[in-house]
Amino acid sequence: MLSSKRQALFALTLFGLLLPLLGTAQSLAGRVVDAANGTPLIGASVIWLGTSQATSTDANGHFTLAPAPAGETAVLISYIGYKPDTVQVQGRPHIVVQLRSITSIQEVTITGKQDRYSAMTPTNSQIITAKDLTKSACCNLAESFETNASVEVSTSDAVSGAKQIQMLGLDGAYTLMTTDNVPALRGLATPYRLNYLSGTYIDAIDIIKGTGSVLNGYESISGQVNVRLKDPEKTDRLHVNLYGNSLAKWDANVNTSFTLTPKLSTVLMLHTDQLTNRVDNNNDGFLDLPLGKHYNVFNKWKYNTGKQWVAEIGVQALRETRIGGQVGYRSGMPQEEGSFYGTESETDRFSGFSKTSYTFKNKPYQSIGLILSGARHDFDSHYGSRTYNGYQNSGLANLIFQSAFGNTAHTYKTGLSYQYEDFQENLAGQRLKRQERVPGAFFEYIYQNSTNLTLVGGVRADHHNLYGWVYTPRFNVKYDFNPNSILRLAAGKGFRVANPIAENVASLISNRAFYFQNNLQPEKAWNMGGSFTQYFEVGERKGAFITDYYYTTFQNQIVPDMYSSPYQVAFTNLNGRSFSKSFQAELQYELTSMLDVKAAYKYFDVRTTYNGELLRRPFIPNHRAFLNLGFATPFDKWRADLTGQWFGKRPVPSMEHDMNEHESSNMMRTVSPYAVFNGQITRAFKRWEVYVGGENLLDYKQKNPIISADRPFSQDFDASMVWAPVIGRVIYAGMRFTLK
């Protein structure tokens, strides 16, 4: 008994001695927000005053800081564009810091360079900034990727002018497109979706490699492109952009914003582009670009109480018409032998979304949000004598709740979703129709220690009315060896229902027969990989080296087989292997205070089983190289950019039409490497900017991009074998006017 009392007395004494130490060993958690509107500040620096012990806020403005060194009781919080603040935190485990924008204090100009590869996110994320968007030709989403190494943009055929993106060597259909983190421009909108968002609508673009988060659905396989649209609260009062090029194509863009009350603001964005000039620079008798008219309007509203409620509503409407084909073609001409070959399309699209979030009082880490979106996409088209019409009605509801287990080192997001899709397509009299109703639930856990480790694990369970239960787990790990050396690993599964015609619309501009295997199944794939980022300084100049590798393997894929016969494209379920191996190494460095350089090398090995034989995917080169030089004088009065891209040899389907049908299986040929250079010079004044530039400066063009262009109604005609630019050099000029 005496021994027990002594042990208890010793324990109490020891606890009393350690109590002060336990008190000082407590971590500090908190949140950093904008004092004016309560929005979280992402990447704000939080440091124990007088030490090097620091951390940064996450995507929701939260942070957790390791226990203070002995004697330190205050933290310094700073963020670019905001007045730094010092906060006494002695005895407080949690704080909320409101930083005031410098622009609200006095009129000053803040200049700085943003890291294009985020050091904060657990995913391999790259940012195309608002400044980057002004480096290339106006005015749509396709041109926004010109100065970026991770996303490639290619022309799908020699007639329609449609462009597609590629990521990790895979078609754009495997990349989830979102606007303000709401899935958008999916399904039947895929062929021309890069035209549906004007570059002047965009504030920045996030490019995420890998399957990403489970919050936005199960479709992402190779990555996600999130377009951040202009924020009504922060955008300029007036922005005008006028553009014209040597093909006589012109664009006009107007953005105007209003602050109606301290809590309510709106931005109205207008865009139109027109081409009425018939251009045939390669003299093949076909227009190099279709004639077209595009009208597009986007209106966003934002209600922000500055405390707990934030709501956004956006609506978009667009109409686009295109007429392509032979130079002599006029709208409505009969499509038969002896007439001119032509293509026409009319698209009407209406879409809208709302986002509402509520942050719980005195619990800045806990919030609930509801996302609603809907779209109607309607199109009529014909490609020669082949008609292709259809519509898609879409609806999405996403309810997200986020909170923490105990402290902000252990947070989670969970919720419910419901997706509705109604498709109808008519291809030359053949009707394809389906309705999808997909309720689902998801959960994502995030662990962040106070120094260098972030773990994200998520899973979705969705019930597809046509294909049953769908499970998509996803994992991301980020480990900071030190603030300059970061390793990321990712693995996840993706699932999607393909739209074979819309995703291969280029094949319509041929006389190939379309063959669909019965019982086409959804596409399923695993994506695994990682990246390593090293920030460095050489000669007091900052730089970054980023390398990544991703492997995607398909369990099922809808394979468009153009190898087996030059007279048909067959859509079949995968029967064998299909995979993509992607490697990229990129160097970014500030050569001088006025000259930045980005250089990248990419290697792709993309193979699919065609007719029992594992072959390289057509049109994908093994090797690519990228170089961008960006020059800017102080205060950006003069800016100049030059971007070069080199594409190695690539396989394309052989077009030996005179061979015996049975001898022509699995034929392919290899086409030569080529390089494309684009450049632009901009002069800025107080409110004006004028710019002049050129695309495809070396005037490289694919010879004879249309097979049997002189016999468009023959069986041999094919305009889908495009692997290089069809249009030669294009010179453009424009002006921007901005009223802040």
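Keep in mind it's a predicted model, so treat the numbers as computed, not measured.

## As for the nonpolar core
Among the nonpolar cores identified, the biggest contains 69 residues, and Leu141, Phe145, Ile205 and Tyr388 are the most heavily contacted of them. Residues in contact with Leu141, not counting those within four places in the same chain, are Met177, Leu194, Leu197, Ile202, Ile205 and Val227. Core analysis: the second largest hydrophobic core is formed by 15 residues, Leu28, Val87, Val89 and Leu99 among them.

## Here's the deal with the packing of aromatic side chains
Taken as a whole and judged by the stated rule, the model has 29 aromatic pairs. Their ring planes at 65° and their centres at 5.2 Å tell us that Tyr174 and Phe554 sit as a pair that is edge-to-face. One end of the pair, Tyr174, is in the loop between β11 (170-171) and β12 (175-179); the other, Phe554, is in strand β31 (residues 541-556), with 380 residues separating them in the sequence. One exposure class covers both Tyr174 and Phe554, and it is buried. When the centroid spacing of 4.8 Å and the interplanar angle of 55° are considered together, the rings of Trp688 and Phe737 count as tilted. Taken together, the positions of Trp688 in strand β42 (residues 688-695) and Phe737 in strand β43 (residues 730-739) put the pair 49 residues apart, joining distant regions of the chain. Through a chain of ring-to-ring contacts, three or more aromatic side chains come together here, namely Trp309, Tyr358, Phe360, Phe401, Phe405, Tyr412, Phe443 and Tyr445.

## A look at the environment of Asn304
The residue Asn304 is located in strand β19 (residues 291-304) in this model. Separated by 52 residues in the primary sequence, Asn304 and Thr356 have C-alpha atoms spaced 10.0 Å apart. Of note is the side chain of Asn304, whose polar atom sits 3.5 Å from the side chain of Glu233. Within polar-contact distance, the side chain of Asn304 engages the backbone nitrogen of Gly306 at 2.8 Å.

## Things to note about the pairing of strand β29 (residues 513-516)
Along β29, the buried face is formed by Phe514 and Phe516; none of Ala513 and Tyr515, which line the opposite face, is buried. Two elements, β29 and strand β33 (residues 568-573), share four bridges in a ladder whose sense is parallel. From the neighbouring strand, Ala513 faces β33, where its bridge partner is Gln568.

## Things to note about the side chain of Ser565
Along the chain, Ser565 turns up in the loop between β32 (558-561) and β33. On the basis of relative accessible area, Ser565 is assigned to the buried category, the value being 3%. A distance of 3.1 Å separates a polar side-chain atom of Ser565 from the backbone nitrogen of Tyr567.

## As for the confidence of the model for the protein
In the predicted model, the protein carries a mean pLDDT of 87, and 91% of its residues have values of at least 70. Below pLDDT 50 for its whole length, residues 10-25 participates in four contacts with residues either more than four positions away or in separate chains. Note on residues 658-665: pLDDT under 50 across the span, and ten contacts to partners over four residues away in sequence or across chains.

## Considerations on the sheet that holds strand β14 (residues 202-209)
Strand pairing within a sheet occurs via backbone hydrogen bonds; the two strands may be parallel or antiparallel. Strand order across the open sheet formed by five strands is β8-β14-β15-β12-β13, with mixed pairing between neighbours. The sheet terminates laterally at β8 (124-128) and β13 (182-183), the two strands that pair on one side only. Relative to β14, β8 runs antiparallel, the two sharing five bridges. Each bridged residue has a counterpart across the sheet, and for Asn124 the counterpart in β14 is Lys209.

## Structural notes on the environment of Lys131
Inspection of the secondary structure assignment puts Lys131 in helix α2 (residues 130-133). The class of Lys131 is partly exposed, set by a relative accessible area of 34%. Sequence-wise, Lys131 and Ala204 are 73 residues apart; in three dimensions their C-alpha atoms are separated by 8.7 Å. Filtering out sequence-adjacent residues up to four positions away, Lys131 remains in contact with Asp636 and Arg639.

## Considering the pattern of salt bridges
Under the definition given, this model contains 32 salt bridges. Between Lys131 and Asp636 there is a salt bridge, with the nearest N and O atoms lying 3.5 Å from each other. Here Lys131, found in helix α2, pairs with Asp636, found in the loop between β37 (623-632) and β38 (638-647); they are 505 residues apart in sequence, far enough to count as distant. The closest approach of N and O atoms between Lys209 and Asp548, which form a salt bridge, is 2.9 Å. One end of the pair, Lys209, is in strand β14; the other, Asp548, is in strand β31, with 339 residues separating them in the sequence. With a relative accessible area of 4%, Lys209 lands in the buried category. With a relative accessible area of 3%, Asp548 lands in the buried category.

Thresholds, definitions, all that
Residues numbered from 1 in each chain as written. Predicted model: local features only at pLDDT ≥ 70, side-chain atom pairs only at ≥ 80, totals over all residues. Heavy atoms only, no water. Core = buried A, V, L, I, M, F, W, Y, C linked by side-chain atoms within 4.5 Å. Buried < 20%, exposed > 50% of the residue type's maximum accessible area, 1.4 Å probe, protein only. Contact = heavy atoms within 4.5 Å. Phe/Tyr/Trp six-rings, centres within 6.5 Å; stacked < 30°, edge-to-face > 60°. Helix = DSSP H or I, 4+ residues; strand = E, 2+ residues; numbered from the N terminus. Polar contact = N/O pair within 3.5 Å; in protein donor to acceptor, adjacent residues only side chain to side chain. Pairing = 2+ DSSP bridges. pLDDT = per-residue confidence, 0-100. Salt bridge = Lys/Arg side-chain N within 4 Å of Asp/Glu carboxyl O.

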